[in-house]
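Structure assessment
Now for the letters of each chain:
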Amino acid sequence: MRIFTGTRVHAAAHDSPLHGRVAVVTGAARGVGEALARRLSADGMRIALLGREEKTLARAAAALTSSSICVETDVTDQAALDEAARQIEERLGPASVVVANAGIAAGGPFSRTAADLWRRVVDVNLVGSANTARAFLPQLTRTRGYFLQIASTAAFGSAPMMSAYCASKAGAESFAQALRGEVEPDGVTVGIAYLHWTGTDMVAGIDDHPVLRALRRHQPWFARRVHSPDQVADWLATGIAHRARHVYAPPWLRWCQPLRPVFPSVVARVARRELREPSTGELGADVGVLGAGGRADWETFLSTTRPGTTPGRE
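Note that this is a predicted model, so its numbers are computed, not measured.

Definitions and cut-offs
Residues numbered from 1 in each chain as written. Predicted model: local features only at pLDDT ≥ 70, side-chain atom pairs only at ≥ 80, totals over all residues. Heavy atoms only, no water. Phe/Tyr/Trp six-rings, centres within 6.5 Å; stacked < 30°, edge-to-face > 60°. Buried < 20%, exposed > 50% of the residue type's maximum accessible area, 1.4 Å probe, protein only. Helix = DSSP H or I, 4+ residues; strand = E, 2+ residues; numbered from the N terminus. Salt bridge = Lys/Arg side-chain N within 4 Å of Asp/Glu carboxyl O. Core = buried A, V, L, I, M, F, W, Y, C linked by side-chain atoms within 4.5 Å. Contact = heavy atoms within 4.5 Å. Arc of directions from axis to C-beta.

This part takes up the packing of aromatic side chains. Using the criterion set out here, one finds three aromatic pairs in the structure. Both rings, one in Phe110 and one in Trp118, keep their centres 5.8 Å apart while their planes meet at 85 degrees; by these two values the pair is edge-to-face. When its relative accessible area of 24% is taken as the criterion, Trp118 is described as partly exposed. Consider the rings of Phe156 and Tyr194, whose centres lie 5.3 Å apart with planes at 45 degrees: the pair is tilted. One end of the pair, Phe156, is in the loop between strand E7 (146-152) and helix H5 (163-183); the other, Tyr194, is in strand E8 (residues 189-195), with 38 residues separating them in the sequence. Note on accessibility: Phe156 and Tyr194 belong to one class, buried.

So, on to the pattern of salt bridges. Note that side chains of opposite charge can pair when their charged atoms are close. Considering all chains together, one arrives at 15 salt bridges under this definition. A salt bridge links Arg52 to Asp74; the nearest nitrogen and oxygen atoms lie 3.7 Å apart. Separated by 22 residues along the polypeptide, Arg52 in the loop between strand E3 (46-51) and helix H2 (54-62) and Asp74 in the loop between strand E4 (68-72) and helix H3 (78-91) bring together distant segments of the chain. Arg86 is the partner of Glu90 in a salt bridge, and the nearest nitrogen-oxygen pair spans 3.2 Å. Here Arg86 and Glu90 lie together in helix H3, a separation of four residues that amounts to about one turn. By relative accessible area, which is 56% here, Glu90 ends up exposed.

Among the nonpolar cores identified, the biggest contains 47 residues, and Val24, Leu50, Ile88, Phe136 and Phe147 are the most heavily contacted of them. Looking at this core, the element that brings in the most residues is helix H4 (residues 115-143), giving nine residues. If we skip the residues at most four places from it in the chain, Phe136 touches Val24, Leu50, Ala85, Ile88, Ala95 and Val98. With 34 residues, the next largest nonpolar core counts Val32, Ala61, Ala193 and Ile240 among its residues.

Moving on: H2. Taken as a whole, H2 has its buried residues at Thr56, Leu57, Ala60 and Ala61. In an axial view of H2, the angular spread of the buried residues amounts to 140 degrees, which keeps them on one side of the axis. The exposed residues of H2 that point more than 90 degrees off its buried face are Lys55 and Arg59.

Spatial relationships are all this shows, so hold off on functional conclusions.
Below, the structure is given as structure tokens:
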């Protein structure tokens, strides 16, 4: 774990209810995490950025307009997160907002996906969220704070070729729902954010996967729109300011909640049709980690667990 502190401090929006408080964002090196850190900093929050890429974290911190601390750490390492929580409280103060955003994805058939890679996705997205909550709940209890779990519409209806990601996001949603009932008596609010198509590097090659491409093609025009990380960060920040139990990005997703029972059958019908066409070899060629952030995590994981292994497909 490496720690580096930003010294840049500028005037912020003093009228924000978040001004002067401490926010912790995991997966803050890029994408939604980086955009949300900037947005919360603009609201006058002191920001702790957690992630796997030291140089990218430093660049993200350099764009902030408030005090910050960057901690290069792995959310699957509970001891490292506990130490990060201690350092953050010591340097910035106790956390009032914690956003469990760190996540990776792998695409491809379950039978062709290396077991280590499948488990890594679940470990980062689900176990990492639980580890984050465990490390920061003592601080959130003292500040009567807010824990935001970043979930996904993948929890609404699981897509073939994305089994680890969908399972982990559904699990993260369920974890947050269970945690909510435990910590609300202590004054801690737990929110769940549902993100749809967002323009991060994770979805840059999404149209290369036949089932996901087909699912997107069969959605209504407004549901196919890809939203920028900055727009999603605005929706998330509004939810944080209101301590919302549910945050929808985009907002129309709230109307999908009552329809969730029908989504699995719809997804299955589209998948059956689309999977008839590609050959087994074509599907197998699609196995891999999605996005630069996911690849950075996977390469670091391989280098520390299996020295000498060449990162990439297995």
